[in-house]
Amino acid sequence: MNNYGINIWSDNNFIIEDGEVKLNFKSKPSLLEISKDIRSAGLKGPLLLRFPHLIKKQIKSLYTNFNNAIKENKYQGLFGAVFPLKVNQFPHAIESIVTQGKEYSYGLEAGSKAELILAMSKANLNSKITVNGFKDKEMITLGFIASSSGHNLTLIIEGLNELNTIIEVANETKLKVPNIGIRVRLHSAGSGSWAKSGGMDSKFGLTSTEIIEAIFILKNNAFLDKLSMIHFHIGSQMNDIAPLKKALREAGNIYAELKKMGASYLDNINIGGGLAVEYNQHPHAFTHNYSIEEFSSSVVFLLGEIMDTKGVKHPNIYTESGRFIAASHAVLIAPVLELFSQEYHEKFLNLKKNNPPLIKELLELNKLLDKKTSIEYLHDALDHQESLFTLFDLGYIDLQDKSNAEILVHNIIKKTLYFWGFENSKELEQLQAKLQERYLINLSIFQSLPDYWGMEQNFPVMPLNNLNKKALRAASICDITCDSDGEIGFNPNKPLHLHDIDLKKDEYFLGFFNIGAYQETLGMNHNLFSRPNEYTIDIDENGYNIKNIIESKSVLNILDDIGYDKDEILNKLKADILTSNFIKKKEKTDTLAKLDVYLKQNSYLRTTN
Ligand SMILES: *Cc1c(COP(=O)(O)O)cnc(C)c1O
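Residues numbered from 1 in each chain as written. Predicted model: local features only at pLDDT ≥ 70, side-chain atom pairs only at ≥ 80, totals over all residues. Heavy atoms only, no water.

### A look at the overall build of the protein chain
When helices and strands are counted, the protein chain shows 21 helices and 20 strands. Taking the principal axes of its C-alpha atoms as reference, the protein chain extends roughly 100 × 65 × 55 Å. Evaluated residue by residue, the protein chain yields a buried proportion of 54% over its 609 residues. When the accessible surface of the protein chain is summed, it comes to about 27,600 Å², and 51% of that surface belongs to carbon and sulfur atoms. Of the charged side chains in the protein chain, 67 are positive and 74 negative, and the gap between their average positions amounts to 4 Å. (Helix = DSSP H or I, 4+ residues; strand = E, 2+ residues; numbered from the N terminus. Buried < 20%, exposed > 50% of the residue type's maximum accessible area, 1.4 Å probe, protein only. Areas by Shrake-Rupley, 256 points an atom, 1.4 Å probe, with all protein chains shown as cover. Lys, Arg positive; Asp, Glu negative; His and termini not counted. Charge placed at Lys NZ, Arg CZ, Asp CG, Glu CD.)

### Describing the packing of helix H12 (residues 357–368) against helix H13 (residues 374–393)
Where H12 meets H13, the axes come as close as 10 Å, and the angle between the chain directions of the two elements is 155°. Comparing the axis directions of H12 and H13 gives the class roughly antiparallel. When you trace H12 past H13, the crossing you get is left-handed. Across from Leu-358, Ile-359, Glu-361, Leu-362, Leu-365 and Leu-368 in H12, the residues of H13 making contact are Tyr-377, Asp-380, Ala-381, His-384, Ser-387, Leu-388 and Leu-391. Grouping the amino acids of the contact of H12 with H13 by side-chain chemistry returns nine nonpolar, two polar and two charged. (Axes fitted to C-alpha atoms, helices over the stretch in contact; angles between N-to-C directions. Parallel < 35°, antiparallel > 145°, perpendicular 65-115°, else oblique. Left-handed = near helix turned anticlockwise from the far one by under 90°. Contact = heavy atoms within 4.5 Å. Nonpolar A, V, L, I, M, F, W, Y, C, P; charged D, E, K, R; others polar.)

### Regarding the environment of Ala-256
By the secondary structure assignment, Ala-256 is in helix H9 (residues 242–260). For the pair Ala-256 and Asn-220, spaced 36 residues apart in the sequence, the C-alpha separation amounts to 21 Å. Dropping the residues within four chain positions of it, Ala-256 is found in contact with Met-307, Lys-310 and Val-312.

### Re the pairing of strand E13 (residues 437–441)
The buried count for E13 comes to four of five residues, which makes it a mostly enclosed element. As judged from the three bridges shared by strand E12 (residues 330–339) and E13, these two strands associate in the antiparallel manner. Its bridge partner lying in E13, Leu-339 is registered against Tyr-439. Sheet analysis places E13 next to strand E15 (residues 473–478), joined by four bridges and oriented parallel. Bridge pairing links Tyr-439 to Ile-477 in E15. (Pairing = 2+ DSSP bridges.)

### Quick notes on the domain arrangement of the protein chain
Each assigned domain of the protein chain is listed with its residue range as follows: domain 1 (342–434) and domain 2 (555–599). Look at where the C-alpha atoms of domain 1 and domain 2 centre, and you get two points 50 Å apart. (Domains from an automatic or database assignment.)

### Topic: the nonpolar core
Of all hydrophobic cores here, the largest spans 142 residues; its most connected members are Leu-31 and Phe-512. Ignoring anything within four residues of it in the chain, the contact list for Phe-512 reads Ala-330, Val-331, Leu-332, Ala-334, Ile-441, Leu-443, Leu-449, Pro-460, Val-461, Ile-477 and Ile-488. Leu-388, Leu-417, Leu-431 and Leu-435 belong to the second-largest nonpolar core, a separate cluster that totals 18 residues. (Core = buried A, V, L, I, M, F, W, Y, C linked by side-chain atoms within 4.5 Å.)

### Things to note about the sheet that holds strand E4 (residues 79–84)
Paired through their backbone hydrogen bonds, the strands of a sheet run either parallel or antiparallel. Sheet architecture is closed into a barrel: eight strands sit in the order E4-E5-E6-E7-E8-E9-E10-E11, paired in parallel fashion. With strand direction ignored, the average angle separating the axes of adjacent strands in the sheet is 25°. For strand E6 (residues 128–131) and strand E7 (residues 152–157), the ladder comprises four bridges, and the chain directions are parallel. Along E7, the bridge assignment pairs Lys-128 with Asn-152. On top of the sheet, helix H6 (residues 137–148) reaches E6 and E7; it is set at about 160° to E7, its chief contact.

### Describing the environment of Arg-531
Within the element layout of this structure, Arg-531 appears in the loop between helix H18 (519–522) and strand E19 (533–539). Separated by 83 residues in sequence, Arg-531 and Ser-448 have C-alpha atoms that sit 7.2 Å apart. Among the polar contacts listed, one links the side chain of Arg-531 to the side chain of Glu-534, at a separation of 2.9 Å. (Polar contact = N/O pair within 3.5 Å; in protein donor to acceptor, adjacent residues only side chain to side chain.)

### What to know about the packing of helix H14 (residues 399–420) against helix H15 (residues 426–434)
How two helices sit against one another is set out by the angle between their axes and by the gap between those axes. Interaxial distance between H14 and H15 falls to 11 Å at its minimum, and their mutual angle equals 135°. Of the possible angle classes, the one that applies to H14 and H15 is oblique. Pair H14 / H15 crosses with left-handed handedness. Between H14 and H15, the contacting residues are Ile-413, Thr-416, Leu-417 and Trp-420 on the first element and Leu-428, Leu-431 and Gln-432 on the second. Its residues assigned to classes, the contact of H14 with H15 comprises five nonpolar, two polar and no charged.

### Digging into the site of the ligand
Around the ligand sit 16 residues in total, of which Lys-86, Ser-236, Glu-320, Gly-322 and Tyr-518 are the nearest. Residue Lys-86 places a side-chain N or O atom 2.6 Å away from an oxygen atom belonging to the ligand. Summarising the interface, the protein chains cover 93% of the accessible area of the ligand, which totals 390 Å² for the free molecule. Of the residues assigned to the shell around the ligand, the class counts are three nonpolar, nine polar and four charged. (Near = heavy atom within 4 Å.)

### A word on the packing of aromatic side chains
Here the distance between the centres and the angle between the planes together describe a pair of aromatic rings. Here the structure, examined in full by the defined rule, presents 14 aromatic pairs. Look at Phe-14 and Phe-513: their rings are 4.9 Å apart centre to centre, the planes differ by 70°, and that puts the pair in the edge-to-face class. Placement of Phe-14 in strand E1 (residues 14–17) and of Phe-513 in the loop between strand E18 (509–512) and H18 is noted, with a sequence separation of 499 residues between them. Clustering of aromatic rings is evident, with ring pairs tying together Tyr-63, Phe-66, Phe-79, Tyr-104, Tyr-106, Tyr-290 and Phe-295. (Phe/Tyr/Trp six-rings, centres within 6.5 Å; stacked < 30°, edge-to-face > 60°.)

### A look at the side chain of His-288
Assignment of secondary structure puts His-288 in the loop between strand E10 (268–270) and helix H10 (292–310). The exposure class assigned to His-288 is buried, which follows from its relative accessible area of 18%. A distance of 3.0 Å separates polar atoms of two side chains, one belonging to His-288 and the other to Glu-278. Beyond its immediate chain neighbours, meaning those up to four positions away, His-288 contacts Met-238, Asn-239, Ala-276, Val-277 and Glu-278.

### Brief notes about helix H20 (residues 566–579)
Look at H20: 20 Å from first C-alpha to last across 14 residues, which is about the 20 Å you get at 1.5 Å a residue. With a side-chain oxygen lying 2.9 Å from the backbone nitrogen of Asp-567, the N-terminal cap of H20 falls on Asp-565. (Expected span 1.5 Å × (residues − 1).)

### A look at the environment of Ser-476
Of note, Ser-476 is situated in strand E15. Expressed as a C-alpha distance, the spacing of Ser-476 and Met-524, which sit 48 residues apart in the sequence, is 22 Å. Those residues in contact with Ser-476 that sit more than four places away from it in its chain are Gln-436, Glu-437, Arg-438, Tyr-439, Glu-487, Ile-488, Gly-489 and Phe-490. Separated by 3.4 Å, the side chains of Ser-476 and Glu-487 make a polar contact.

Have a look at this one:
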C-alpha cells in the first residue's frame, strides 16, 4: 500500500493509522478530524495548520545534537543559535519560536529594517540578535538603539562602508555600540539550488584584503574590542555536506588568523543556515546526504581541529538554520473540488438503436471482462479505439459514437487497473500515466506553494484519508488560478497516485507538508487569492485545541490592499443594482444582501468543498 514516502519526509511527525494521516504526538489526532472540525462552521478553501510542538522538537534537536557533539569532542566553546526571520515572519510562527526557544536563549536574525524592528520587539532579552544584509545609516542606528535597550545584538558587516558608518554613528551619538561581526566571502561555494550565498562571486561578504583592511580600521578607531563574530552562509537547502566542510576549513582558518592579528575579543563563529529538510517522497530521490547528527559533529570536530592546529581557543559556534526549524511545523490542507475524468462515467453512455460494429464489440468487452481476460480485452479495446478515431476523422461515425467509444475504453482500462494494479506491469503503468486524472484543488499554488512555481521545489503531498484503499489514479494537481503554471503535473519518475473518489458522496483532502519555511511571505496574490485561513493547533494527551485563528482576507480587503478604495467599489456596485432596470424592485434587497456576503468572503471557491 502506498505510504506516500511518509517514512522518508515526515521524520516520524506523522503516521498512517486506520487509513488516515495522524499526528504522531500525544493524543494523535488525525488531520482529517481537525480539518472537518474547523470546516464544520461552514468555512471553505484551503487551511494552514501550525503545530508548535514540531517547532519545539526542531529547536531541541538542534541544541541537543550540537551539545552532544561538543561533549563527545571535548570542544571548549559553547553552542548558540538564532532564527532567521526571513524564513517565516508570521506572528504565530514567531510566537512559538520565541516561546519554545526561551530555555535555550534561542535568538533571532534580521536581514532588513522591518525584520530588525520585529526582532527588537520579540527577542528574549538574554538571546542574541544578529543583523545581516545591506544596511544604511538608519538601520545601523537601529542596531545602536537595540543594544542600548538591552539586546545582545551583533551587526554583521557586508562591506567596509558599513563599518565606516558604524564608526560614524558611534562618534555622533552616545548610544551603546553593538557587537560587530564580519561576513567573510569564501572561495569555496555552496551546494543546492540556493547556493548563491557563498563563493567568490557571492553577493555578500568581505574578501581577504577587505578583512585585513577592516581590522586596520577597527584598530585605528579603538573598536577592535567590538569585533565578536565572523559569519558565513553558503546557501539554503545544502544537499551535500562536502562544501560545508570546505567552507568551515576556510572560515575556521580566517578566524584563527584574526585572533593572531589581535582580535582578542572575537569569540564566535557563525556558520549561517543551510541545514536541509527532506522534501522528497520517493526512495530513489533523497534530497540531502547527511543527518543532523553528522552535520553537528562535523562542524564541531572540524572547528576544534583547526583551532588546535593553530593554537587558538575554541570559538562559540552559532547557527542561523531556519528551514530546519520551521519547515515541518506547517501543513497546508486543500479540498479537492473536482476530478476531471468523471465525465467518462458509464452513466454518460448514450447508445443508439443501431451502433457501429466496433462500438458493439467494445460493449461486449466491457461486459465480459474479468480478471483473467482483462489484459487481452484491454489490448482489443485500445485497438478498436484507434480504428474508431480514424472512422471519425474520415466522417464515418458521429460525435456521439466517438463519445461512447471514449467512455467504454476508459472503463475497460479502469477495470483492468483495478484487477491488476500497476505494480507489476510496465504497460499498465504507462497507460495509467497517459490516462492522468486532473484533481482540481481549492488553493493557489502561487499563494501557498510559491517555491513549487519558482524553484521547482517539490513538497510532500498525500491524501488525508482513504489510505487503506488502493490509489490507482495517476494524478496531476491543478489549482484554481487561471494560470497554466498553477499545476503540479504528473511525473512518471516520481509518480503521485490518488484515489478515485465520488465527490458527491465523499470529501477528499490533500495535505502538503513541510511548507513552514519560506512559502508564506514569498506567496503572492496572483489572481487576487489571499493567504489561506490559518490555525494553531496545540495537542495534549486528551485531544487538541485550536487557537490563533486568522481568516483569509475578504475580496474587498484584497482590492483595498493593492490600492483600490473599497468604499468606492462597494458604493458603485450597490448603485448599479439600485438603478438597474433588470432587477425587479422586490429582488433588489435580496441581491444587495448577496453582494454584501460575497464581498466580505475570501475569493476561494465555495462550490461543494
Ligand atoms: C537565508 C539565510 C539563513 C537561513 O538559511 P536556511 O537554509 O533557511 O537555514 C541563514 N543565514 C543567512 C545569512 C541567510 O541569508
